[in-house]
Amino acid sequence: MPIRVLEPHVVAKIAAGEVVERPASVVKELVENSIDAGASHITIEVESGGVKLVRVSDDGHGIPADEMALAFQRHATSKISGFDDLELVTSLGFRGEALPSIASVSRMSLQSRAAGSDVGYEVQARWGELSTLTAAGGSTGTTVTVRDLFDNVPARRKYLRSIGAEASRIADLVSRLALAFPEVQFRLRQDGRETLVSAGNGNGSDALVAVYGAQVAEGMLPASFALDADGDRLDASGYSIGGYVSAPSLHRANRTYMTFLVNRRLVQSRTLSYALEEAYQGFLPQRRYPLAVLAIEVPTSEVDVNVHPAKREVRFTAEGRAFTLVQRAVREALVGSSPIPEVRFEDIMSPSVSGEAARAMSFFPMTGPIGGSEGGRFPEGPTGEAQSRDMRTRLPLLRVVGQIQNTYVVTEGPDGLYLLDQHAAHERIVYDRLVGKSGAGRQPRPLLQPQTAELTASQEEMVRASGELLAQYGFIIEPFGDRSYLVRAVPEVAAGADPSRALVEVLDLAAQQGGLRDREDAVTASIACHSAVRAGQALTQREMEELVLQLEEADNPHTCPHGRPTMVHLSAHHLEREFGRR
Ligand code: ADP
Ligand code: MG
């Protein structure tokens, strides 16, 4: 085929793939335009996870009639006029790509009335083809309607997840936007139900209440970088930070509750999340994560916003400075709230010792020859004698020696040392009781006093998508208005835990497990994970013996429901070799 220049509509469709990954990206681009237009009220309506409909209406300054068609042209923007402007850009948009990209993969309508004009206009775009401008009513501001997203790009459509999953991404995004722009009132309506309304009064803590509920908001500490006596920033370079982070008693099972803004742009940044997590070192139990909304301001010339097609990432000229900023602000907030951080085992253990020991252990995973669906997931390798034994059905008899790091149970078996991960092992036990034939673990255990749980919009979407499964596995809950739910019963395996916390955590874990084979797996594995004894928890000798006995009963004792090993083995042979006895 000779080289040729692609038709503009083909180019647009290709480019759309970068800007518009999924319905939530449409919401993001449209809301960003509304914010850039100075809107103070933004309403987002979504149907069927945004695949059928996304409509964003704002009360911003609108678009003059003679510019409406232009807005659909590629690289047409009112926000920059030359490359140098990029260094100074303060608007969220700057590429002029969103409207044409979305238009090329949907049926779209743009309705707008510019400030100072008495009439509004509408223009429609059908798979990129523009209609002529017609007069339309409406007050000052803009409404963009996007229907049937990706109907003309089946390949793209295939990559979308379930409607529930897409809906919950949108809820998550709008929640973050509401946290990021507390001065704007956001209203999110999903399939006719209002799932989020923020105050829009400029108060960050009110935004937290709207998004996470009053209980969580109360557990958040203000964090900011200190000012000196004259009110000047200590950091002379003009870097500053403000926001909220969770008190040490408030934490979550995953990182989804971290929201970072750089010059008011929502960004995902490993550096910043790492800085945040590091600052909590010693304050949180293992594998628990803080909640945070942190807004960093840096001079526009020190940050490149043009590095990601969907503008999700930025590049700092001085990344280390941003890192330090997060750490100092968070650390200050935490130390102020609880002056004696707990010192944990790994902090005092020399890294070379623990590293070496870990490497020696990992030569002998016990997960090699297991049959069934878990089989073959771990690489063959030098698994030594463990390989030759048939461990399909039974564990060797194990004698409990003790516990280390409140996380691992040390046992002795017929061939050396067996180290159990107490959480993974217990997770397996609970999981089997939950899904096993007897069904004992999934019996609802009614609460004497029903408890209320406040859910976030995305947790609520998970309830909507998986409500029946939750009930089937013992969670009896009912709506209690305004994103509150009454928890009436919890699964037997989760009895004893705080019921509303159990629900929230199971919903979060389930949302995180998108990769599992199906939703039922996600729900059951999440209940098991929540109900299992945690790493970091001290166990009595009896409890450890019980754990080992129960693990021996499990169908698949060598892996947890996620497929991670429950134990590692250090063989007698290996010990002898290490100590030079052979
Ligand atoms: P960009 O935001 O990068 O400029 P877009 O394709 O998103 O590009 O939008 C193109 C132009 O359309 C914007 O520059 C702006 O002038 C106008 N526009 C889009 N949405 C709105 C809105 N909600 N209110 C006012 N103007 C808008
Ligand atoms: Mg834009």
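Scroll up to find the structure this text is about.
Residues numbered from 1 in each chain as written. Chains lettered and ligands numbered in written order. Predicted model: local features only at pLDDT ≥ 70, side-chain atom pairs only at ≥ 80, totals over all residues. Heavy atoms only, no water.

## As for the pairing of strand β14 (residues 292–297)
In step 1: Where strand β11 (residues 240–246) and β14 come together, six bridges link them in antiparallel fashion. Among the inter-strand pairings, G242 is bridged to a residue of β14, identified as A295.
In step 2: Pairing geometry for strand β12 (residues 258–262) and β14, over five bridges, is parallel. For F260, the partnering residue across the bridge sits in β14 and is L294. (Pairing = 2+ DSSP bridges. Helix = DSSP H or I, 4+ residues; strand = E, 2+ residues; numbered from the N terminus.)

## Re the environment of V533
In step 1: With respect to the secondary-structure elements, V533 resides in the loop between α16 (519–531) and α17 (541–553).
In step 2: A relative accessible area of 12% means that V533 is categorised as buried.
In step 3: The spacing of V533 and A424 is 109 residues in sequence and 8.7 Å in space, taken between C-alpha atoms.
In step 4: Apart from residues lying up to four places away in sequence, V533 is in contact with Q422, H423, H426 and L539. (Buried < 20%, exposed > 50% of the residue type's maximum accessible area, 1.4 Å probe, protein only. Contact = heavy atoms within 4.5 Å.)

## Side note on empty space enclosed by the protein
In step 1: Following the criterion strictly, the structure yields one cavity of 30 Å³ or more and no others.
In step 2: Residue lining of the largest cavity: K28, E32, L92, L177, F181, R264, R265 and L266, and that is the complete set.
In step 3: Within the residue set of the lining of the largest cavity, elements represented by two or more residues are α2 (23–36) and β13 (265–267).
In step 4: Its residues assigned to classes, the lining of the largest cavity shows four nonpolar, no polar and four charged. (1 Å grid on protein atoms, 1.4 Å probe; cavity = no way out; pocket = protein on both sides within 12 Å on 5 of 7 lines; lining within 4 Å. Points joined across faces, edges and corners; volume = space filled by probe spheres on them. Nonpolar A, V, L, I, M, F, W, Y, C, P; charged D, E, K, R; others polar.)

## Quick word on the side chain of S104
In step 1: Along the chain, S104 turns up in helix α3 (residues 98–104).
In step 2: When its relative accessible area of 5% is taken as the criterion, S104 is described as buried.

## Here's the deal with unusual backbone geometry
In step 1: Even without a glycine there, the phi angle at F150 is positive, about 65°.
In step 2: Position of F150 among the secondary structure elements: in the loop between β7 (141–147) and α4 (154–158).
In step 3: In the Ramachandran plot, N406 falls in the positive-phi region, its phi being about 50° despite a non-glycine side chain.
In step 4: Here N406 lies in the loop between β17 (399–404) and β18 (408–413).
In step 5: Note on N406: relative accessible area 31%, which makes it partly exposed.

## Points about the packing of aromatic side chains
In step 1: Under the counting rule described, the total for this entry stands at two aromatic pairs.
In step 2: Ring geometry for Y212 against Y257: centres 5.4 Å apart, planes inclined by 50°, an arrangement best described as tilted. Of this pair, Y212 sits in helix α6 (residues 204–212) while Y257 sits in the loop between β11 and β12, placing them 45 residues apart in sequence. Accessibility classification places Y212 together with Y257 in one group, the buried group.
In step 3: In this arrangement the basic side chain of R252 is found over the ring face of Y257, its NZ or CZ atom lying 5.3 Å from the centre. (Phe/Tyr/Trp six-rings, centres within 6.5 Å; stacked < 30°, edge-to-face > 60°. Lys NZ or Arg CZ within 6 Å of the ring centre and 35° of its normal.)

## With respect to helix α1 (residues 8–19)
In step 1: Taking 1.5 Å per residue as the helical rise, α1 with its twelve residues ought to reach 16 Å, and the 16 Å between its terminal C-alpha atoms agrees with that figure.
In step 2: Buried within α1 we find A12, A15, A16, G17 and V19.
In step 3: Lining the buried residues of α1 we find α2, α3 and α4. (Expected span 1.5 Å × (residues − 1).)

## Observations regarding the site of ligand 1
In step 1: Around ligand 1 there are 20 residues in total, and N33, T77, S78, K79 and G96 lie nearest to it.
In step 2: Here R95 contributes a backbone N or O atom positioned 3.0 Å from an oxygen atom of ligand 1.
In step 3: Between ligand 1 and the protein, one listed contact pairs an oxygen atom with a backbone N or O atom of A98 at 3.2 Å.
In step 4: Alone, ligand 1 offers 530 Å² of accessible surface; in the complex the protein occludes 94% of this.
In step 5: Looking at the shell around ligand 1, the elements that each hand over two or more residues are α2 and α3.
In step 6: Ranked by residue count, the leading element in the shell around ligand 1 is α3, at three residues.
In step 7: The class makeup of the residues in the shell around ligand 1 is eight nonpolar, eight polar and four charged. (Near = heavy atom within 4 Å. Polar contact = N/O pair within 3.5 Å; in protein donor to acceptor, adjacent residues only side chain to side chain. Areas by Shrake-Rupley, 256 points an atom, 1.4 Å probe, with all protein chains shown as cover.)

## Overview of the nonpolar core
In step 1: L30, V31, I42, I44, M108, V146 and F186 are the most contacted members of the largest nonpolar core, which has 62 residues in total.
In step 2: By residue number, the principal contributor to this core is helix α5 (residues 163–180), which donates eight residues.
In step 3: Taken together, domain 1 (8–197) and domain 2 (219–336) each give at least three residues to this core, which thus spans both.
In step 4: If we ignore the near neighbours within four places in the chain, the residues touching I42 are V31, S34, I35, V56, S57, D58, V184, Q185, F186 and R187.
In step 5: If you look at the next biggest cluster of nonpolar residues, it comprises 37 residues, including L86, F225, L294 and V303. (Core = buried A, V, L, I, M, F, W, Y, C linked by side-chain atoms within 4.5 Å. Domains from an automatic or database assignment.)

## Quick look at the packing of helix α14 (residues 457–472) against helix α15 (residues 499–512)
In step 1: Two elements in contact, α14 and α15, have axes separated by 10 Å at closest approach and are oriented at 95°. In terms of orientation, α14 lies roughly perpendicular with respect to α15. Residues Q459, M462, V463 and L470 of α14 form the contact with α15, whose own contacting residues are V504, V506, L507, D508, A510 and A511.
In step 2: Class assignment of the residues belonging to the contact of α14 with α15 gives a composition of eight nonpolar, one polar and one charged. (Axes fitted to C-alpha atoms, helices over the stretch in contact; angles between N-to-C directions. Parallel < 35°, antiparallel > 145°, perpendicular 65-115°, else oblique.)

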